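Reading the structure
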Amino acid sequence: MAKLKQPNQKTVGIDTIELSIPIERKLYPNEFRFGATYQHKEESDGGENSPTGFQDDIKINWSKDLRKYYLPEIHFVDYPSPTGGRCYEYQIRRLSLPKLMYGNNITEVPAGDFERVLDQLYRELVFLELPVEITKEQLRNAKVCRVDYGKNLVFSDGTSMELLNEMLGKAPLKKRSKHGKTQYHEGELFRDSIKHRAFIVYDKLAEVKLKSKDSRPAYGNNNLGFDLSKVSPNKKLVRFEVQIQRTKQLKLELGRLGFPKDSVSFADIFSSEIASATLSHYWSQVEQAIRRGSSVDSVDGVSVLYRFTQITKDGKGGACKALGKLGFNIFADTCGFAKVKASLAECLPSSNWSRAKASLLVEVENPDKFACLDVITDELKNMNRLMAEEVENGR
């Protein structure tokens, strides 16, 4: 995987985030200027005489003028308080920070742009004309209910991605891990998940291609910011992502990594350091499993795939020629040239060894299987920001 020349800027490494803001009173659907969708849920603790609790969830509509832009989901919820009484709050759900700022989630948000993100989100919420106003300070201190930390990595010719996929498939990973599934937008390569946390590695361009018809620009910007048609077919974009889906789980993750576990406000978790530590923690477990399970044979799936990629890189010669070259080189790697020459002479007496060798031999060193792993580790540690232009322009 070739490293790109990055701008001297780190990314905060956050895609989707969900926020909760307490308010002082109950709200009703008819109070929202642009309408709302109401849902009432009743739940019981399960005991014969246990009281029935209920939650009201009101999804707030945006004005028609704004719906052409990327917008998060805004809800008002009313639910039982653990200490008695009721809790009332606004919840901001499915908020993708890159889409909020750029209309796509290929371009990554800089680590120093919290105030700009805050301004953009606040500017959109003002247009809702909410019956109970949300202030910037409330947004700053909003409790995080979910956060997806992630990093996009470019694989310049596709080879390293295929090798990574091959190694993920052979690594002795945990029983809860899955490899090669197609449950995540048809691009999933690997998943390790528990109830409220998941570590996922997936083909980001496959996801973008599947969802491109739904793309909307950021508010105030009519440019979607990413043109999939400009991306070279040989270029791959792999997404490394840790999804933390509850505040309680977020506190556990922060404590495990040495961060203050009760610092779960929007401002607190807008941190490149937390993103890097979180991604690196889960990637290191996968990387170690890959290294432990790596084959020591002279010929394995990784080296065969690498060699075939090199043979077919120029696109010349056709399938039969390519497969012939691959077979010859695997034969030579496994048995040595002397054995290949002797076997050829024995089986095909009229064969011309010199001509066959010149035509079929491909001088390619077997790959350093762990080279792409080292690059991934460095990228997740450094968190250098990636922009859409770097994926589009062929570098």
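Reading the values: the criteria
Residues numbered from 1 in each chain as written. Predicted model: local features only at pLDDT ≥ 70, side-chain atom pairs only at ≥ 80, totals over all residues. Heavy atoms only, no water. Helix = DSSP H or I, 4+ residues; strand = E, 2+ residues; numbered from the N terminus. Buried < 20%, exposed > 50% of the residue type's maximum accessible area, 1.4 Å probe, protein only. Contact = heavy atoms within 4.5 Å. Areas by Shrake-Rupley, 256 points an atom, 1.4 Å probe, with all protein chains shown as cover. Axes fitted to C-alpha atoms, helices over the stretch in contact; angles between N-to-C directions. Parallel < 35°, antiparallel > 145°, perpendicular 65-115°, else oblique. Nonpolar A, V, L, I, M, F, W, Y, C, P; charged D, E, K, R; others polar. Phe/Tyr/Trp six-rings, centres within 6.5 Å; stacked < 30°, edge-to-face > 60°. Lys NZ or Arg CZ within 6 Å of the ring centre and 35° of its normal. Core = buried A, V, L, I, M, F, W, Y, C linked by side-chain atoms within 4.5 Å. Pairing = 2+ DSSP bridges. pLDDT = per-residue confidence, 0-100. Arc of directions from axis to C-beta. Salt bridge = Lys/Arg side-chain N within 4 Å of Asp/Glu carboxyl O.

1. Comments concerning the overall build of the chain
- Looking only at helices and strands, the chain has 14 helices and 10 strands in total.
- Here the chain holds 395 residues, and 45% of them are scored as buried.
- Look at the contacts in the chain between residues 6 or more apart in sequence, and 71% of them connect residues 24 or more apart.
- On the chain, roughly 20,000 Å² of surface is accessible, and the fraction owed to carbon and sulfur atoms is 49%.

2. A look at the packing of helix α10 (residues 318-335) against helix α11 (residues 337-347)
- Packing of α10 against α11 brings their axes to within 7 Å, and their N-to-C directions diverge by 120°. With respect to α11, the element α10 is oriented oblique. Of the residues in α11, those touching α10 at Phe328, Phe331, Ala332 and Cys335 are Phe337, Lys339, Val340 and Ser343.
- Looking at side-chain class alone, the contact of α10 with α11 contains 6 nonpolar, 1 polar and 1 charged residues.

3. Some words on the environment of Leu100
- Following the sequence through the fold, Leu100 ends up in helix α1 (residues 97-102).
- Taking the C-alpha atoms as reference, Leu100 lies 8.1 Å from Pro72; in sequence the two are 28 residues apart.
- If we skip the residues at most four places from it in the chain, Leu100 touches Tyr70, Leu95, Val117, Gln120, Leu121, Glu124, Ala218 and Tyr219.

4. Concerning the packing of aromatic side chains
- Evaluation of the coordinates by the stated rule reveals 9 aromatic pairs.
- Both rings, one in Phe240 and one in Trp283, keep their centres 5.5 Å apart while their planes meet at 80°; by these two values the pair is edge-to-face. Taken together, the residues Phe240 in strand β10 (residues 236-244) and Trp283 in helix α8 (residues 272-293) connect sequence positions 43 residues apart. Summarising the burial analysis for this pair, Phe240 and Trp283 share the class buried.
- The ring centre of Phe54 lies 3.8 Å from the NZ or CZ of Arg86, which sits over that ring.

5. Focus on the nonpolar core
- Ranked by size, the top nonpolar core spans 74 residues in total, and within it Ile17, Tyr90, Phe240, Phe266 and Trp283 carry the most contacts.
- Element by element, the count of residues in this core is highest for α8, at 8 residues.
- Residue contacts for Phe240: discarding those within four places in its chain leaves Tyr149, Gly150, Lys151, Leu153, Leu164, Phe199, Ile200, Val201, Leu279, Trp283, Ile376 and Leu380.
- Formed by 10 residues, the second largest nonpolar core is a distinct cluster that contains Ile106, Val154, Val208 and Leu386.

6. A closer look at the pairing of strand β4 (residues 73-80)
- Note that β4 and strand β5 (residues 86-96) share 8 bridges and pair antiparallel. Looking at β5, one finds that Val77 is bridged to Glu89.
- Where β4 hands over to β5, the hairpin turn is made up of 5 residues, of which Gly84 adopts a positive phi near 105°.

7. Some details on the confidence of the model for the chain
- Considering every residue of the chain, the mean pLDDT works out to 84; 84% of them sit at 70 or more.
- Contacts from residues 1-7, a stretch scored under 50 in pLDDT, to residues over four places away or in other chains number 24 contacts.

8. Side note on helix α6 (residues 247-256)
- Those residues of α6 that fall on the buried side of the exposure criterion are Thr247, Gln249, Leu250, Glu253 and Leu254. Summarising the axial view, the buried residues of α6 lie within an arc of 155°, below the 170-degree limit, and thus occupy one face.

9. Some details on the pattern of salt bridges
- Under the counting rule described, the total for this entry stands at 23 salt bridges.
- A salt bridge links Asp78 to Lys26; the shortest N-O distance between them is 2.5 Å. With Asp78 in strand β4 and Lys26 in the loop between β1 (14-22) and β2 (36-44), this residue pair connects regions lying 52 residues apart in the sequence. Exposure class is identical for Asp78 and Lys26. Each is buried.
- Across the pair Asp113 and Arg116 runs a salt bridge, and its minimum N-O distance is 2.6 Å.
- Since its relative accessible area comes to 13%, Asp113 is described here as buried.
- With relative accessibility at 46%, the residue Arg116 sits in the partly exposed group.
- Via salt bridges that share partners, Lys26, Asp56, Asp78 and Arg86 belong to a single interconnected network.

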